[in-house]
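# Per-entry structural report
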Amino acid sequence: MAPRTLTSIQPTGVGNLVGGVSPAPMDAGALRAACAQFATGVVVVTASADGQDFGGTVNSFTSLSLEPPQVIVCLARTSNTWSAIERSQTFAVNVLAADQLGTAQLFASKEVGKLSQVDSEPGVVGAPLLTGALSHLECTVADVIASGTHLLVIGRVVRVAHDAAKDPALFFRSQMFDGFSAAAPSADGLPIRRDQ
Ligand SMILES: Cc1cc2nc3c(=O)[nH]c(=O)nc-3n(C[C@H](O)[C@H](O)[C@H](O)COP(=O)(O)O)c2cc1C
């Protein structure tokens, strides 16, 4: 049987009981590793405020509802992109293509003027749209839910566009991959990794 890593949760004092279930100290590494088993795409969330463009790499993106058309991104409270979204009440989700891993790395940094290093054009809500992305979802902020270190930012989608001809950038086990060929089945039927 495949190896399985289990991290037990130790109950804390009675004083911490909430609804009959005790919150427990959680090992951050174990939590990160468990979440990292969930494969996702990679997006850059962009926003423009006070004449300046901002953007950050994000994998916590998901569709929320069709009616009304809504999506969610989870952003750290400390994100500069969030600060711009808060001021402009608008943002764009740029779903990255397989050939945009460099863009993903750039937007994962805290560099100033990230948008000046890539091709983009302003969209209908003002947030920059990255050239070459698989899709663009332009949003106004519908709701923000604060929880822990992050914010769930719910966007009302006002315009979309997509290009079905390219492979996606992927994120799995803390690594980015340039498309599905990177995880193509090997001769023994097991997935192979691009870096092997
Ligand atoms: C693959 C990947 C996924 C990421 N996902 C998120 C995310 O979902 N939410 C978030 O706040 N930061 C995420 N980050 C970290 C941000 O990209 C990083 O903090 C960035 O510096 C934010 O830039 P900003 O402060 O200019 O907005 C991710 C980074 C990488 C490489």
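See above for the structure.
Along each chain, residues carry numbers from 1 onward, in the same order as the chain's sequence is written. In keeping with the model being predicted, local features are shown solely for residues with a pLDDT of at least 70 and side-chain atom pairs are shown and tallied solely at 80 or more, while totals for entire chains, interfaces and linings include all residues.

Going from Glu67 to Pro68, the amide bond is cis rather than trans, its omega being 0°. The helix and strand labels rest on DSSP assignments: H or I over at least four residues marks a helix, E over at least two residues marks a strand, and numbering proceeds from the N terminus. With respect to the helices, strands and loops of the structure, Pro68 is situated in the loop between strand 4 (61-65) and strand 5 (70-76). The backbone of Asp50 shows a phi angle near 55°, a positive value even though the residue is not glycine. Put plainly, a residue is buried at 20 or more neighbouring C-beta atoms within 10 Å of its own, exposed at 12 or fewer, and partly exposed in between, counting only other residues' C-beta atoms, which are placed from the backbone. Take Asp50: there are 7 C-beta atoms within 10 Å of it, and that puts it in the exposed class.

Only when DSSP finds a minimum of two bridges between them are two strands counted as paired. Relative to strand 12 (residues 175-178), strand 11 (residues 169-172) is paired through four bridges, and the arrangement is antiparallel. Bridge pairing in strand 12 links Phe171 to Met176. The antiparallel hairpin formed by strand 11 and strand 12 contains two residues in its connecting segment, where Arg173 sits at a positive phi of about 50°.

The residue Lys114 is located in the loop between helix 3 (101-107) and strand 7 (120-122) in this model. Sequence-wise, Lys114 and Phe54 are 60 residues apart; in three dimensions their C-alpha atoms are separated by 7.1 Å.

Attention now goes to the pairing of strand 2 (residues 43-49). With six of seven residues buried, strand 2 lies mostly within the body of the structure. For strand 2 and strand 3 (residues 52-58), the ladder comprises seven bridges, and the chain directions are antiparallel. Within strand 3, the position partnered with Ala49 by the bridge is Gln52. Hairpin remark: strand 2 followed by strand 3, antiparallel, with two residues in the connecting loop; positive phi at Asp50, about 55°.

Taken in spatial order, the seven strands of this open sheet run 3-2-6-9-10-5-4, and their pairing is antiparallel. Looking at strand neighbours, the two that pair on one side only are strand 3 and strand 4, the edges of this open sheet. Going across the sheet, the axis of each strand differs from the next one's by a mean of 35°, ignoring polarity. Two strands pair when backbone bridges link them, and strand 2 and strand 6 (residues 90-95) are joined in this way by four bridges, in the antiparallel orientation. Its bridge partner lying in strand 6, Val45 is registered against Val93. To define axes, lines are fitted to C-alpha atoms, for helices over the stretch in contact only, and angles between the resulting N-to-C directions are given on a 0 to 180 degree scale.

We now examine the nonpolar core. For this analysis, nonpolar core means a set of buried Ala, Val, Leu, Ile, Met, Phe, Trp, Tyr and Cys residues linked through C-beta atoms within 7 Å. If you look at the biggest cluster of nonpolar residues, it comprises 35 residues, and the most contacted ones within it are Val43, Val45, Phe91, Ala92, Val93, Leu96 and Cys139. Any two residues are considered in contact once their C-beta atoms, placed from the backbone, lie within 7 Å. When residues no more than four places from it in sequence are discounted, the contact partners of Phe91 are Val45, Thr46, Ala47, Ile85, Ala127, Cys139 and Gly155.

Before going further, it helps to examine the sheet that holds strand 1 (residues 40-41). Read across the sheet, three strands follow the order 1-11-12 without closing on themselves; strand pairing throughout is antiparallel. Looking at the sheet topology across the chains shown, the edges are occupied by strand 1 and strand 12. Both strand 1 and strand 11 contribute to a ladder of two bridges, which runs antiparallel. Within the sheet, the bridge partner assigned to Thr40 lies in strand 11 and is Phe171.

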